[in-house]
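A look at the structure
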Amino acid sequence: RQKVGLIAALSVDSDLYILDEPTSGLDPLMEAVFQEEIEKIKHAGKAILLSSHILSEVERLADKVVIIRQGKVVETGTLDELRHLTRSTVTLMTEGNVAEMASVKGVHDFKQKGTQATFSADNEYINDILSKASKLGVKKFESVPPTLEDLFMRHYEV
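The paragraphs below set out a description of the structure included in this document.

On to the environment of Lys 113. Along the chain, Lys 113 turns up in strand E6 (residues 107-113). As a C-alpha pair, Lys 113 and Pro 22 span 91 residues in sequence and 43 Å in three-dimensional space.

A few words now on the sheet that holds E6. The 4 strands lie next to each other as E6-E7-E5-E8, forming an open sheet whose pairing is antiparallel. Two strands close off the open sheet at either side, each with one partner strand: E6 and strand E8 (138-144). Along the sheet, successive strands turn relative to each other by an average axial angle of 15°, direction set aside. As paired elements, strand E5 (residues 88-94) and E8 share 6 bridges and run antiparallel to each other. Looking at E8, one finds that Thr 94 is bridged to Val 138.

Okay, helix H2 (residues 28-43) next. When the terminal C-alpha atoms of H2 are compared, their 23 Å separation across 16 residues agrees well with the 22 Å that a helix rising 1.5 Å per residue should span. Within the span of H2, buried status applies to Phe 34, Gln 35, Ile 38 and Ile 41. Looking down the long axis of H2, one finds its buried residues gathered within 120° of arc, a one-sided arrangement. Within H2, the exposed residues directed more than 90 degrees away from the buried face are Leu 29, Lys 40 and His 43. Its buried side turned inward, H2 meets helix H1 (2-10), strand E1 (16-20), strand E2 (47-51) and helix H3 (55-61). Its side-chain oxygen placed 2.9 Å from the backbone nitrogen of Leu 29, Asp 27 serves as the N-cap of H2.

Right, let's get into the environment of Gly 106. Note on placement: Gly 106 falls in the loop between E5 and E6. Assessed through its relative accessible area of 7%, Gly 106 is described here as buried. Put simply, Gly 106 and Asp 122 are 16 residues apart on the chain and 4.9 Å apart in space, counted from C-alpha to C-alpha. Ignoring sequence-local partners within four residues, the contact set of Gly 106 consists of Ser 120, Ala 121, Asp 122, Tyr 125 and Ile 129.

Within the secondary structure layout, Val 90 lies in strand E5. Placed 30 residues apart in sequence, Val 90 and Ser 120 show a C-alpha to C-alpha distance of 6.0 Å. When sequence neighbours within four positions are dropped, the list of residues in contact with Val 90 reads Ala 117, Thr 118, Phe 119, Ala 121, Phe 141, Glu 142 and Ser 143.

Reading guide: rules and limits
- Residues numbered from 1 in each chain as written.
- Predicted model: local features only at pLDDT ≥ 70, side-chain atom pairs only at ≥ 80, totals over all residues.
- Heavy atoms only, no water.
- Helix = DSSP H or I, 4+ residues; strand = E, 2+ residues; numbered from the N terminus.
- Pairing = 2+ DSSP bridges.
- Axes fitted to C-alpha atoms, helices over the stretch in contact; angles between N-to-C directions.
- Expected span 1.5 Å × (residues − 1).
- Buried < 20%, exposed > 50% of the residue type's maximum accessible area, 1.4 Å probe, protein only.
- Arc of directions from axis to C-beta.
- Contact = heavy atoms within 4.5 Å.
- Polar contact = N/O pair within 3.5 Å; in protein donor to acceptor, adjacent residues only side chain to side chain.

If you want it as structure tokens, here you go:
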């Protein structure tokens, strides 16, 4: 039934498509087909309003994201714009004492295991963090930006 509804909705030429939980109940193959069709519609210059709790899907498809809590808009912007509002997760391995990173401004939730550390990093202090890490002899540096789920949960955690 979901597939038939999507086919009917996407077969109409419109300037605006409003879709609420469009992939609910679809198998992974049909989800991929849906995403391809949405990309085609976007490239044709059409607007799509997509409401979904499948945040990985929103992350892949959305040009702009709006987070709503209790009927009010609490955040809006591109995913990159919203990512600047929260921290990245950094995994770092050094030749020197990686524990020295715990005291660097912008480092939070520091956890160390041998010569490797994992921590949250404020984006505005990444340069300071990299500077200190380079003095310790970097063997591995991995920075992962927050996911849409991280950004969403920031507004819903009690």
